Amino acid sequence: MLLVALLLEAQVPTSMPRYRYEAPARATSSSICAKANGDRAMVHAELWLVSENECETACTDWPQCTAYEYATLGSDHRGYKRCELQAEPVSHGIPANGYTCKVKVAWTASTLNRIAMNKLPGSFNMQPVKPAVAAPPAPPPVSAYR
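Figured I'd write up the structure that's included with this text. Since this is a predicted model, take the numbers as computed values, not measurements.

### A word on the state of the cysteines
Covalently bonding the sulfur atom of one cysteine to the sulfur atom of another cysteine gives a disulfide. Evaluated as defined, the whole model comprises three disulfides. One disulfide bridge connects Cys 55 with Cys 83, the sulfur atoms lying 2.0 Å from each other. Looking down the S-S bond of the Cys 55 and Cys 83 bridge, the torsion is 75 degrees, so its handedness is right-handed. Residue Cys 55 is found in helix 2 (residues 52–61), and its partner Cys 83 is found in strand 5 (residues 80–86); the two are separated by 28 residues along the sequence. With respect to class, Cys 55 is no different from Cys 83; both count as buried. Disulfide pairing places Cys 59 opposite Cys 65 at an S-S distance of 2.1 Å. Between Cys 59 and Cys 65 the sulfur-sulfur dihedral comes to about -95 degrees; the bridge is accordingly left-handed. Judged by its relative accessible area of 0%, Cys 59 falls in the buried class.

### Things to note about the nonpolar core
In a soluble, globular protein the nonpolar side chains are often hidden away together inside. Within the largest apolar cluster, ten residues are counted, these being Tyr 21, Val 50, Cys 55, Ala 58, Cys 59, Cys 65, Tyr 68, Tyr 70, Cys 83 and Leu 85. If you list the elements that add at least two residues to this core, you get helix 2, strand 4 (67–73) and strand 5. Among the elements that make up this core, the one with the highest residue count is helix 2 (three residues). Those residues within four positions of Tyr 21 in sequence are excluded, and the remaining contacts are Glu 56, Cys 59, Thr 60, Tyr 68, Lys 102, Val 103 and Lys 104. Ranked by size, the runner-up nonpolar core spans six residues in total, among them Cys 33, Ala 67, Cys 101 and Val 103.

Reading the values: rules and limits
Residues numbered from 1 in each chain as written. Predicted model: local features only at pLDDT ≥ 70, side-chain atom pairs only at ≥ 80, totals over all residues. Heavy atoms only, no water. Disulfide = S-S within 2.5 Å. Helix = DSSP H or I, 4+ residues; strand = E, 2+ residues; numbered from the N terminus. Buried < 20%, exposed > 50% of the residue type's maximum accessible area, 1.4 Å probe, protein only. Core = buried A, V, L, I, M, F, W, Y, C linked by side-chain atoms within 4.5 Å. Contact = heavy atoms within 4.5 Å.

Listed below in structure tokens is the structure:
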């Protein structure tokens, strides 16, 4: 009964994230984005006066975005916020104060059989639920013309 009550109260996410963001090679906690040849000039879209979370969300929503570079420009309380959505591959970061470079990486699940409920009280007898296996795709129709 306790287990049922805990399961009813548990909040299960309805959707999994599509992407995760990580610093590129050689990046420090404060870096600008760069291409493999070291060039900083990249095709990008700019957003101004947005938060870093809004910048990341914009990158997630734009299919051509490969990375984002977020900058706080200005030293007073009115510092401007700039978001560059990169449309070219970013290979590494170059250290620069006030900048953050994050590369978009497709999110993949670690395993299909992972169960978070195994830590709940009374769950020692629970068995994992086998995931549904998708049916293989249908073969292409046989053409009468050969």
